[in-house]
Each structure stands twice: as structure tokens, then as C-alpha cells.
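# Secondary and tertiary structure notes
What follows is the residue order along each chain.
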Amino acid sequence: MKNKRTIPLVAAMLMAISTPAYAASDLTVPAVKEATVATPSAPQVPSTPAAPSASYNSSSNSNSGSSSSNGSSSSNSSSSAASSSESNLNNRLVNVAGFSTAKQFTGYFANLKRAVANGNMDAVAKRVSYPLVVNRADGTRRSILNEKQFMKEYSSIMTSKVRSALSAQNVNDVFVNYRGVRVGEGELWIGVVGGKPGIYAVNL
């Protein structure tokens, strides 16, 4: 009888060994891990911009400086162009028209304009190179030989047209060539005669 009981017991033990063991947890449905389910994240609110840094300020200042410098650079360009133009004029007065210096002409021109504006015939007569050639609109010409004749015929030589052209002429905008300096549309021509500047031709 003892042997008969032993056999079922051994068989039960062998079955227990060959059958895999399951824990209680293995028999339950696995829990869903949070990581496996993509939970939508709440939209991020943009952060408030920080105050501009010093480098931003400096670049900003440099930009505003550059835009203000654009205005000043424009004016600087204009100044530079004006300076270059003046330098070119000075060179032409000396090297093309034959004045000893640019100031020889500019000083003479200022005095001539003042004398004509004031109606000072004597001062104007002293700034003429004789014989003065006067070309009329009809194509004829005549010569004024000296100061006395010039003053006598002043009103027919220094007409309102000639005076207006002289008055309107900017010293920095004169036309210069080998013949001298043209005033207006050629109403007056000024050149160096005998080392002195003077009006040598009038075109009526």
C-alpha cells in the first residue's frame, strides 16, 4: 500500500516541476505605462522678451547712428563734393585761365560785383582791360580805348542785362577755359592781361 501512495505523489511532484510557475501579477492584465501613451503637452506660452542686452543696444544705437549718419554722411558727401569742386575750380583758374592764384580772381570778382552794384563807375573802369571789346547784338563791335571813354559810355556798356548777369553769377559756378572766366551766358569775359585781371570783352 505504501508503494501505491508514493507513485501518485511522485507523479504530482513531476507535474509541478514541469509546469511553469505563474505569479499572481503575471496573470493580471499589464498596466499601461504612462510613457507608452503620448499625452499631449499643454502649449507653451511664449516667454516675455528680456530687456535688450547691452550689445543689442549698441548695435541698435549704431543702426540709428548709421541712419542719422546717413543724413550726416549725405551732408558730408555734399561737403566733400563741394570741396572737390572748389579745388578743381581753383586749379582751373590758375592752370587754365592763367591767374596767379585763385584768390587773385575771387578777390577781383567780389570787388567788381560790389562796384557795379553800388554804381561806382570809377571803380568798375579800373577793373577793365583796355582796349575793351564790346560786341553788339547786331554783330557789330567797337573798342573802348581807356577809362575815360568807358565811363562816358558806361550805361551803353554795363546795361541792365550785363549787370543782372554779373549780380546773379556765383563765384564758385563760373565757367573757366583758356580764354578766362565767363560771366553769365558770356555777357562778360574776364582774363589776365599784363598780369592783372580785368574785363576784356562785353557781349550785349
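Attention in this report is confined to the structure presented alongside it. (Residues numbered from 1 in each chain as written. Predicted model: local features only at pLDDT ≥ 70, side-chain atom pairs only at ≥ 80, totals over all residues. Heavy atoms only, no water.)

## Quick notes on helix 7 (residues 160-168)
For helix 7, every residue scored as buried is listed here: Val162, Ala165 and Leu166. All buried residues of helix 7 project into a common sector of 95° when viewed along the axis, lining one side. Away from its buried face, by an angle of more than 90 degrees, helix 7 presents the exposed residues Ser167 and Ala168. Along its buried surface, helix 7 packs onto helix 3 (102-117), helix 6 (154-157), strand 4 (180-183), strand 5 (188-193) and strand 6 (196-203). (Buried < 20%, exposed > 50% of the residue type's maximum accessible area, 1.4 Å probe, protein only. Helix = DSSP H or I, 4+ residues; strand = E, 2+ residues; numbered from the N terminus. Arc of directions from axis to C-beta. Contact = heavy atoms within 4.5 Å.)

## Quick notes on the sheet that holds strand 4
Strand order in this open sheet of six strands is 2-1-6-5-4-3, and the pairing throughout is mixed. At either margin of the open sheet sits one strand with a lone partner, and together these are strand 2 (141-144) and strand 3 (175-177). The mean angle between the axes of side-by-side strands here comes to 20°, regardless of whether they run parallel or antiparallel. With four bridges connecting them, strand 1 (residues 128-135) and strand 6 associate as parallel partners. Its bridge partner being in strand 6, valine 133 is matched across the sheet by alanine 201. On the sheet, helix 3 packs against strand 4, strand 5 and strand 6 and is oriented at approximately 55° with respect to strand 6. (Pairing = 2+ DSSP bridges. Axes fitted to C-alpha atoms, helices over the stretch in contact; angles between N-to-C directions.)

## A few points about the side chain of asparagine 177
Among the secondary structure elements, asparagine 177 is positioned in strand 3. We classify asparagine 177 as buried; its relative accessible area is 16%. Among the polar contacts listed, one links the side chain of asparagine 177 to the backbone nitrogen of arginine 179, at a separation of 2.8 Å. Excluding its chain neighbours within four sequence positions, the residues that come into contact with asparagine 177 are Arg92, Val96, Ala97 and Trp189. (Polar contact = N/O pair within 3.5 Å; in protein donor to acceptor, adjacent residues only side chain to side chain.)

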